[in-house]
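Geometric and topological summary
These are the residues of each chain, in order.
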2 protein chains.
Amino acid sequence: MKVELLNPFLDATTSVFRTMLSCELSRGQPTLKRNHSPEYEVSGLIGLTGKCQGMVVISLGRDTAIKAAEILLDERPDSLNKDVIDAVGELANMIAGAAKAQLVQFELSVGLPSVICGKNHSIGFPSNSTPILLPFDSEIGPVCVEVGFAENVPEN
Amino acid sequence: MKVELLNPFLDATTSVFRTMLSCELSRGQPTLKRNHSPEYEVSGLIGLTGKCQGMVVISLGRDTAIKAAEILLDERPDSLNKDVIDAVGELANMIAGAAKAQLVQFELSVGLPSVICGKNHSIGFPSNSTPILLPFDSEIGPVCVEVGFAENVPEN
């Protein structure tokens, strides 16, 4: 995947966590995702379409997801409930929206988020994409963002 | 969710299974999805964006997913491997593409599919959408399609 597609998602994630959650992320090393082994219990997915097609996934542990919802809502959810699902979907939405703003040349639109919960879920991307894994650490726990775009990305 | 958005997905699912898998689906009753309890072990997700934002999910059991891949590839995968993930992603892609063709007024683009595997995964949609569950039965097993669109769907 092209670096020009990757950096906006690194910046967007850092920026969304800073502004929406008052939480500083420290970046780990981006890596190619070589398998689809589970990462964390909660994943927010959102599609991007335009001159290229992509999917962004933000994955967090259960406690991190609940903590993020607590900060966003100013009230602690007592379980992995609808409020947490909405909060994780909204984080995915904001990250995709912030990245899109840096990728105007691809004329991207952001889809509807969905949120996967499950202790051993894995997320696979199609063979024609090479998803990149962006690991982050923070005071509320580790966070992982995966970005995959179809290979037929046009030159611009 | 508007019926005009729903019927194209019913038709698209039936049509894709008939033409790609030579498999006749029998339709169950569409219902509002009232919780996010797990349906089946494998789910293919794909986003749709344009004048409205949506997500389509096709869920199948492990054996049904492997059987679908076998029909598509003319070779039986020995496990829930990359071939099965590609096949389920491609089914999601074809269903979204066929539905999009019937929804030209929304100028939809189809995103990159992703495929969730996990015995107890659940898929939640944001509160501003009311996903509809479309259950089907077939000779290769039950199949469920969920369609959610954000509520701010424009009049056309």
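Here we summarise the structure given alongside this text. Everything numeric here is computed off the predicted structure, so don't read it as measured data. (Residues numbered from 1 in each chain as written. Chains lettered and ligands numbered in written order. Predicted model: local features only at pLDDT ≥ 70, side-chain atom pairs only at ≥ 80, totals over all residues. Heavy atoms only, no water.)

Our next topic: the relation of the copies chain A and chain B. Screw-axis analysis of chain A against chain B gives a translation of 0.0 Å along the axis, an RMSD of 0.0 Å, and a rotation angle of 180°. The superposition operator between the copies reduces to a two-fold rotation axis. Within chain A, A:Gly47 has its C-alpha nearest the rotation axis, a separation of 2.5 Å. A symmetric contact is evident, with 100% of the interface residues of chain A recurring at the interface of chain B. (Least-squares fit on C-alpha atoms with pLDDT ≥ 70 in both. Contact = heavy atoms within 4.5 Å.)

This paragraph deals with unusual backbone geometry. Residue and element names in this part refer to chain A. For serine 22, which is not glycine, the phi dihedral falls at a positive 50°. Counting through the fold element by element, serine 22 comes out in the loop between α1 (3-21) and β1 (26-27). Despite not being glycine, glutamate 107 has its phi angle at roughly 50°, a positive value. As for its position among the elements, glutamate 107 is in the loop between α3 (82-101) and β5 (109-110). Overall, glutamate 107 belongs to the exposed group, its relative accessible area being 53%. (Helix = DSSP H or I, 4+ residues; strand = E, 2+ residues; numbered from the N terminus. Buried < 20%, exposed > 50% of the residue type's maximum accessible area, 1.4 Å probe, protein only.)

A word on the side chain of B:Thr14. Residue and element names in this part refer to chain B. Within the secondary structure, threonine 14 sits in helix α1 (residues 3-21). At a separation of 2.9 Å, a polar atom in the side chain of threonine 14 contacts the main-chain carbonyl oxygen of leucine 10. Not counting residues up to four positions away in its chain, the partners in contact with threonine 14 are Leu25, Arg27 and Phe136. (Polar contact = N/O pair within 3.5 Å; in protein donor to acceptor, adjacent residues only side chain to side chain.)

A few words now on the packing of α1(A) against α3(A). All names here are of chain A. Contact geometry of α1 with α3 gives a least axis separation of 8 Å together with a crossing angle of 130°. Between α1 and α3, the angle falls in the class oblique. Note that α1 runs across α3; the crossing there is right-handed. Contacts between α1 and α3 involve Pro8, Phe9, Ala12, Thr13, Val16, Phe17, Met20 and Leu21 on the former and, on the latter, Leu91, Met94, Ile95, Ala98 and Ala99. Split into classes, the residues belonging to the contact of α1 with α3 amount to twelve nonpolar, one polar and no charged. (Axes fitted to C-alpha atoms, helices over the stretch in contact; angles between N-to-C directions. Parallel < 35°, antiparallel > 145°, perpendicular 65-115°, else oblique. Left-handed = near helix turned anticlockwise from the far one by under 90°. Nonpolar A, V, L, I, M, F, W, Y, C, P; charged D, E, K, R; others polar.)

In an α-helix, one turn spans 3.6 residues; hence positions three or four apart end up facing the same way. Residue and element names in this part refer to chain B. Spanning 20 residues, helix α3 (residues 82-101) covers 28 Å between terminal C-alpha atoms, matching the ideal 28 Å at 1.5 Å per step. All of the buried residues in α3 are Val84, Ile85, Ala87, Val88, Gly89, Leu91, Ala92, Met94, Ile95, Ala96 and Ala99. Measuring from the side-chain oxygen of the N-cap residue of α3 to the backbone nitrogen of aspartate 83 gives 3.0 Å; that N-cap residue is asparagine 81. (Expected span 1.5 Å × (residues − 1).)

Evaluation of the coordinates by the stated rule reveals twelve salt bridges over all chains. A:Arg76 is the salt-bridge partner of A:Glu70, the closest N and O atoms lying 2.8 Å from each other. Between B:Arg27 and B:Asp11 there is a salt bridge, with its nearest N and O atoms 2.9 Å apart. Here B:Asp11 lies in helix α1 and B:Arg27 lies in strand β1 (residues 26-27), a separation of 16 residues in the sequence. Judged by relative accessible area, which is 33%, B:Asp11 ranks as partly exposed. In the salt-bridge network here, residues are joined through shared partners; they are A:Lys67, A:Glu70 and A:Arg76. (Salt bridge = Lys/Arg side-chain N within 4 Å of Asp/Glu carboxyl O.)

Here we come to helix α2 (residues 62-73) of chain A. Residue and element names in this part refer to chain A. Compared with an ideal rise of 1.5 Å per residue, which puts twelve residues at 16 Å, α2 spans 16 Å between its outermost C-alpha atoms and is within 8% of the ideal. Buried within α2 we find Thr64, Ala65, Ile66, Ala68 and Ala69. Residues of α2 that are buried in the fold lie against α1, β3 (42-49), β4 (54-60), α3 and β9 (143-149).

Before going further, it helps to spend a moment on the packing of aromatic side chains. Residues and elements named next belong to chain A. Taken as a whole, this structure holds two aromatic pairs over all chains when the rule is applied. A centroid spacing of 6.0 Å and a plane angle of 55° characterise the contact between phenylalanine 9 and phenylalanine 149, whose relative ring orientation is tilted. A residue pair is termed long-range when its members are at least 10 positions apart, and phenylalanine 9 in helix α1 and phenylalanine 149 in strand β9 qualify at 140 residues. (Phe/Tyr/Trp six-rings, centres within 6.5 Å; stacked < 30°, edge-to-face > 60°.)

Below, the discussion takes up the side chain of B:Thr13. Residue and element names in this part refer to chain B. Residue placement: threonine 13 occurs in helix α1. Given a relative accessible area of 0%, threonine 13 falls into the buried group. Here the side chain of threonine 13 touches phenylalanine 9 through a polar contact of 2.6 Å, landing on its backbone oxygen. In this structure, threonine 13 is in contact with Leu25, Ile95, Phe136 and Val145, ignoring residues within four places of it in sequence.

Next up on the list: the interface of chain A and chain B. Listed per partner, the contact involves 33 residues of chain A and 33 residues of chain B. With both chains or domains summed, chain A and chain B bury close to 2600 Å², and 59% of this area falls on carbon and sulfur atoms. Where chain A touches chain B, the interface holds zero salt bridges. Where chain A touches chain B, the interface holds twelve residue pairs in polar contact (both at pLDDT 80 or more). Counting only elements with at least two residues in the side of chain A that touches chain B, the list comes to β3, β4, α3, β5, β6 (114-117), β7 (122-124) and β9 of chain A. Considering each element in turn, the side of chain A that touches chain B owes the most residues, four residues, to β6(A). Bridge count between β6(A) and strand β7 (residues 122-124) of chain B: three bridges; the pairing is antiparallel. (Buried area = accessible area lost by both parts, 1.4 Å probe. Pairing = 2+ DSSP bridges.)

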